[in-house]
Amino acid sequence: MVDITQTTDAREEIASIKRGSETYTKCLTEITLNSHESFRRMKKADPNKKVDDYVLIRADSRDEFFEVIDHFAGIADDEKSGREILETKGKGQETHTEDSRSAMGRGMSDVLFRQLIRSTIVGWRRNGQTFAYIAEWVKNPSNGKLERKYLDQRQKNPQLIKKIEDLIPNTGTYVKFHWREVDEQHPFPTKIDLKDHLGY
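Along each chain, the written sequence defines residue order, and numbers are assigned to residues from 1. Under the rules for a predicted model, residues below a pLDDT of 70 receive no local features and side-chain atom pairs below 80 are neither given nor counted, while totals for whole chains, interfaces and linings still include all residues. Based on all heavy atoms of the structure, the side-chain values leave hydrogens and waters out of the count.

Brief notes about the confidence of the model for the chain
What counts here: pLDDT is a residue-level measure of predictor confidence that goes from 0 to 100. Contact between two residues is taken to exist if any of their heavy atoms lie within 4.5 Å; hydrogens are not considered.
Overall, the prediction assigns the chain a mean pLDDT of 84, with 83% of residues at 70 or greater. Note that residues 93-103 has pLDDT below 50 and, in this model, 31 contacts with residues that lie over four places away or in other chains.

Structural notes on helix α2 (residues 24-45)
The criterion, for reference: Put simply, DSSP H or I for four residues or longer makes a helix, DSSP E for two residues or longer makes a strand, and each gets a number counted from the N terminus. Working rule for helices: expected span equals 1.5 Å times residues minus one. Burial here depends on accessible area, computed with a 1.4 Å probe over protein chains only, as a share of the maximum for the residue type. Under 20% is buried, over 50% is exposed, and the range in between is partly exposed.
With 22 residues, α2 should cover 32 Å at 1.5 Å per step; its first-to-last C-alpha distance of 32 Å lies within 8% of that length. Y24, T25, C27, L28, E30, I31, N34, S35, E37, S38 and M42 are the residues of α2 that are buried.

A word on unusual backbone geometry
Backbone geometry places E64, a non-glycine residue, at a positive phi of 55°. Relative to the helices and strands, E64 resides in the loop between β2 (55-60) and β3 (65-70). A positive phi angle, close to 55°, is found at N127, a residue other than glycine. Here N127 shows up in the loop between β4 (120-126) and β5 (129-139). On the basis of relative accessibility, which here comes to 55%, the residue N127 falls in the exposed class.

Section: the pairing of β5
Rules: Note on pairing: DSSP must find at least two bridges between two strands before they are called paired.
Two strands pair when backbone bridges link them, and β4 and β5 are joined in this way by seven bridges, in the antiparallel orientation. Bridge assignment links T120 to a residue of β5, and that residue is A135. In sequence, β4 turns back onto β5 through a hairpin of two residues, with N127 there showing a positive phi of about 55°. In this sheet, strand β6 (residues 146-152) lies alongside β5 in antiparallel orientation, the contact comprising seven bridges. The residue bridging E136 from the neighbouring strand is K149, located in β6. Where β5 hands over to β6, the hairpin turn is made up of six residues, of which G144 adopts a positive phi near 80°.

Right, here's the structure in full:
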């Protein structure tokens, strides 16, 4: 179990993040673009592989959060690779390349760290293993600076691990982020709003 910490200028970073994720439509688009690239790479590697070719978006209006689930490649093969992706690709630099976006490009990182006061969740399954991290801003006790931190949940939160395994039997990625009306310029969407904004 390994927690991951990234130091940055939190205020400046969040201002930049907000510019790229100010609407729930942009947040959902960034996550589903990662899913699409993961799906495309899976099909390119094995055109005959049977894959559930959809992305599930759950919108909970009561608790005001979104969950996005796909059944594609997942973020990484193992803990070491996952840490490298979260540490490097999650720093906020431009990572919109074919290889990095399908794992976790800047857009995904923007969604995970767009709120100072709300944590998010990113998890995945691959090779029979389940990984889950809570992403949040944490104050460093030694210098008082806010740092982006991924908290490993594999031993701390068996309920979350089971939930991801129930949602994703084989391989795939799970993301949860909040859209609280009290925090946002736009209210939580209705079902009709979602259909209109996402083009369904």
